[in-house]
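# Summary of the model geometry
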Amino acid sequence: MKAFTYERAKSPAAAAAAVAGQPGAKFLAGGTNLLDLMKLQIETPTHLVDVQDLKLDRIEPTADGGLRVGAFVSNTALAADARVRRDYAVLTRAIVAGASGQLRNKATTAGNLLQRTRCPYFYDTNQPCNKRRPGSGCAALGGYSRQLAVIGTSDACIATYPGDMAVALRVLDAGVETIDAHGAARTILLAEFHHSPGDTPHLETALAPGELITAVTLPPPVGGHHVYRKVRDRASYAFALVSVAAIIQPDGSGRVAFGGVAPKPWRSDAADAALPEGATAVTARAFADARPTADNKFKIALATRTLAATIAQARPA
Amino acid sequence: MTVAAIPTKSVRAAPSPPPGAMPLALTINGEHHRVEVDPRTTLLDLLRDHLRLTGTKKGCDHGQCGACTVIAGGKRINACLSLALQHDGDKVTTIEGLGTPDRLHPLQAAFVKHDGFQCGYCTPGQICSAVAVLGEIKAGIPSHVSADLTAPMRATNAEVRERMSGNICRCGAYSNIAEAIAEVAAA
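Residues numbered from 1 in each chain as written. Chains lettered and ligands numbered in written order. Predicted model: local features only at pLDDT ≥ 70, side-chain atom pairs only at ≥ 80, totals over all residues. Heavy atoms only, no water.

Assigned secondary structure in chain A consists of 12 helices and 11 strands. The C-alpha atoms of chain A give a radius of gyration of 19 Å, which matches the 20 Å a tight globule of 317 residues would have. Principal-axis analysis of the C-alpha atoms gives chain A an extent of 60 × 50 × 30 Å. Taken over 317 residues, chain A has a buried fraction of 58%. For chain A, the share of sequence-separated contacts (at least 6 apart) that also reach a separation of at least 24 residues comes to 62%. When the accessible surface of chain A is summed, it comes to about 12,200 Å², and 53% of that surface belongs to carbon and sulfur atoms. Positive and negative side-chain charges in chain A, numbering 35 and 27 respectively, have mean positions lying 6 Å apart. (Helix = DSSP H or I, 4+ residues; strand = E, 2+ residues; numbered from the N terminus. Rg over C-alpha atoms; globule rule 2.2 N^0.38 Å. Buried < 20%, exposed > 50% of the residue type's maximum accessible area, 1.4 Å probe, protein only. Contact = heavy atoms within 4.5 Å. Areas by Shrake-Rupley, 256 points an atom, 1.4 Å probe, with all protein chains shown as cover. Lys, Arg positive; Asp, Glu negative; His and termini not counted. Charge placed at Lys NZ, Arg CZ, Asp CG, Glu CD.)

What follows is about the overall build of chain B. If you tally the helices and strands in chain B, you get 7 helices and 5 strands. Secondary structure of chain B in N-to-C order comes out as α-β-β-α-β-β-β-α-α-α-α-α. Structurally, chain B occupies a C-alpha span of about 50 × 35 × 35 Å along its principal axes. Long-range pairs, those at least 24 residues apart, make up 56% of the contacts in chain B between residues at least 6 apart in sequence.

This brings us to the nonpolar core. General note: in soluble globular proteins, nonpolar side chains tend to be found buried as a group. Ranked by size, the top nonpolar core spans 51 residues in total, and within it Leu78, Leu91, Leu113, Leu169 and Leu218 of chain A carry the most contacts. Counting residues per element, this core draws most heavily on helix 9 (residues 165–171) of chain A, which supplies 6 residues. Here leucine 113 of chain A is in contact with Tyr161, Met165, Ala166, Leu169, Val176, Leu190, Phe193, His194, Ile213 and Val216 of chain A, once residues within four sequence places are set aside. Counting residues in each nonpolar core, the second largest holds 31 residues, with Phe4, Met38 and Leu103 of chain A together with Cys68 of chain B among its members. (Core = buried A, V, L, I, M, F, W, Y, C linked by side-chain atoms within 4.5 Å.)

All names here are of chain B. The element strand 1 (residues 22–28) is extensively covered by neighbouring structure, given that 5 of its 7 residues are classed as buried. Of the strand pairs in this sheet, strand 1 and strand 2 (residues 31–37) are connected by 7 bridges, and their pairing is antiparallel. Considered in strand 2, the bridge of alanine 25 is made with arginine 34. Where strand 1 hands over to strand 2, the hairpin turn is made up of 2 residues, of which asparagine 29 adopts a positive phi near 55°. (Pairing = 2+ DSSP bridges.)

Okay, the interface of chain A and chain B next. Taken residue by residue, the interface counts 37 residues in chain A and 39 residues in chain B. With both sides pooled, the region where chain A packs onto chain B buries about 3,100 Å², and carbon together with sulfur makes up 55% of that total. The interface formed by chain A and chain B includes 1 salt bridge. Measuring nitrogen to oxygen at the nearest pair gives 2.8 Å for the salt bridge that ties lysine 39 of chain A to aspartate 61 of chain B. At the level of secondary structure, the elements contributing two or more residues to the side of chain A that touches chain B comprise strand 1 (5–8), helix 2 (34–39), strand 3 (47–50), helix 3 (75–80), helix 5 (89–96) and helix 6 (101–106) of chain A. Considering every element that reaches the side of chain A that touches chain B, the biggest residue donor is helix 6 of chain A, with 5 residues. Grouping the constituent residues of the side of chain A that touches chain B by class yields 17 nonpolar, 11 polar and 9 charged. (Buried area = accessible area lost by both parts, 1.4 Å probe. Salt bridge = Lys/Arg side-chain N within 4 Å of Asp/Glu carboxyl O. Nonpolar A, V, L, I, M, F, W, Y, C, P; charged D, E, K, R; others polar.)

On to the environment of arginine 116 of chain A, then. All names here are of chain A. Looking at the element boundaries, arginine 116 is found in the loop between helix 7 (109–113) and helix 8 (120–123). The class of arginine 116 is buried, set by a relative accessible area of 14%. Here the alpha-carbon distance between arginine 116 and alanine 301, two residues 185 residues apart in the chain, equals 26 Å. If we skip the residues at most four places from it in the chain, arginine 116 touches Asn33, Leu37, Glu43, Phe122, Lys131, Pro162 and Glu204.

Here we take up the packing of helix 5 (residues 123–138) of chain B against helix 7 (residues 174–186) of chain B. All names here are of chain B. At a closest axis distance of 11 Å, the pairing of helix 5 and helix 7 adopts a crossing angle of 40°. It follows from the interaxial angle that helix 5 and helix 7 lie oblique. In this structure, the crossing between helix 5 and helix 7 has a hand that is right-handed. Residue-level inspection shows Gln126, Ala130 and Leu134 of helix 5 in contact with helix 7, the latter providing Ile177, Ile181, Val184 and Ala185. Residues of the contact of helix 5 with helix 7, tallied by class, amount to 6 nonpolar, 1 polar and no charged. (Axes fitted to C-alpha atoms, helices over the stretch in contact; angles between N-to-C directions. Parallel < 35°, antiparallel > 145°, perpendicular 65-115°, else oblique. Left-handed = near helix turned anticlockwise from the far one by under 90°.)

Our focus in this paragraph is the side chain of threonine 109 of chain A. Residues and elements named next belong to chain A. Topologically, threonine 109 is positioned in helix 7. Take threonine 109: its relative accessible area is 1%, and that puts it in the buried class. Separated by 2.9 Å, the side chain of threonine 109 and the backbone oxygen of valine 73 make a polar contact. Threonine 109 has contacts with Val69, Gly70, Ala71, Val73, Asn75, Leu78, Met165 and Val216, leaving out every residue within four places of it along the chain. (Polar contact = N/O pair within 3.5 Å; in protein donor to acceptor, adjacent residues only side chain to side chain.)

Attention now moves to the pattern of salt bridges. Evaluated as defined, the whole model comprises 22 salt bridges over all chains. The salt bridge involving arginine 163 of chain B is made with glutamate 159 of chain B; its shortest N-O contact spans 2.8 Å. Of the two residues, arginine 163 of chain B and glutamate 159 of chain B both sit in helix 6 (residues 157–163), 4 residues apart, roughly one turn of that helix. Glutamate 159 of chain B matches arginine 163 of chain B in its accessibility class, with the two residues each being buried. Connected via shared salt-bridge partners are Lys26, Glu43, Arg116, Lys131 and Glu204 of chain A.

Residue and element names in this part refer to chain A. Sheet architecture is open: 5 strands sit in the order 4-5-8-6-7, paired in antiparallel fashion. Of all strands in the sheet, those bounded by a partner on one side alone are strand 4 (59–61) and strand 7 (185–189). Within the sheet, the average angular offset between the axes of one strand and its neighbour, ignoring direction, is 25°. Across 4 bridges, strand 5 (residues 67–70) lies against strand 8 (residues 212–218) in antiparallel orientation.

Residues and elements named next belong to chain B. Here chain B is partitioned into domain 1 (8–97) and domain 2 (106–186). On the side of domain 2, 15 residues touch domain 1, which itself brings 14 residues to the contact. Here domain 1 and domain 2 share an interface that buries about 1,200 Å² over both sides, 57% of which is from carbon and sulfur atoms. At the surface where domain 1 touches domain 2, the tally comes to 1 salt bridge. One salt bridge in this structure joins glutamate 136 and arginine 76, with 2.9 Å as the shortest N-O distance. Linking domain 1 with domain 2 are 7 residue pairs in polar contact (both at pLDDT 80 or more). Top element by residues in the side of domain 1 that touches domain 2 is strand 3 (residues 69–72). It accounts for 3 residues. Residue composition of the side of domain 1 that touches domain 2, by class: 5 nonpolar, 6 polar and 3 charged. (Domains from an automatic or database assignment.)

Shown next, in the form of structure tokens:
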């Protein structure tokens, strides 16, 4: 690990100001992804601002009947919250499908959103990677790409967003509340939070430098049958090859987002609208612009089959 | 209890604080410690290299194997993926705090009885994890294999195996580990 200095911030605005005011500074929440990357010298912050004392660890009802989840709420606490289990089950299901019990106890809501890709070429510092070292090239193109993205990619990057939680948040139309160094707050729709790689795959989110996530908001419950179905190389503790987050209403309409296939949770209005027609109609729309590699084109067929199983689970015959 | 001075053995064991070291105080297995550490020091390295509590093992050092599992603030975590400084003021329990050779924790006794290990390297992490898993089930925390998210959770074989998936055993003692945990869960 490269040397760094450490402080515990006393307020969200002070934390944002501390990171904005020092080049190379980063926020530290759970640290489960950041410390891993620091040990590999993929992340080399010069200063860490620990946000554990900011009282962002509560889940509260919002005035409109939804929930506001503090940025520092652990993945375990969010998955186990009685209101989430009852009204936002797809979120609980997605969280418990990811990582291990130890990691979920430490990992936070905001940190989970900000986790970096697990592209093997991002992790291997001997390889070119436009995300790790802008302008160095992409070793994944023409490399081992079985786990990588099939849609939303660019000629500069085919990495996937690896998480499960955000796929459920996408289908729930969640918002991301932030505060900047001047104390100004805003809400970013989750749909607009993760960037497509384009020519700048190192710019992964809509956050400005020093902008701190303070909460994730969930709109009022929409009912329906909540399913998160994840396909991976082993039964537990592995990243998704393909995952499906779905909320399906009794009339067959609903919402669906896919994980493990794109640089962000993948959802489209056209694909949602096709849900009553069945899985093939949905994925024909969701993956119409797919550009898979020979190694990962199986993910499109797998997405169709995973969604078919999801629909069957939501509407038992 | 107030925070005591550094125990004599820790003074001898700890490397002299490097430039930029920061102080922290925490309670490990009921014993108070004040130390100064380089900010890069993980909780795992603090335990093993500074305090000589070598029961907690370093396997992968990247949160993939679970050998470093300890219970911090009542929750099991990977000590390798946590900075020591994140634990200022925390209470931490390691394998040394669960039982002693003369008075084994029920899970330690069950691991012996059911042969829940071969080489033993992953065992401290397995046992710390298992202690916390039984607590998580009692607290009603759901898992990936829980059929009903709103019903009370039960320590079935499938539940225990899923919840223990963050602890790898290269010797493959999984069946016996599951039996050991099942026996304590039923007690």
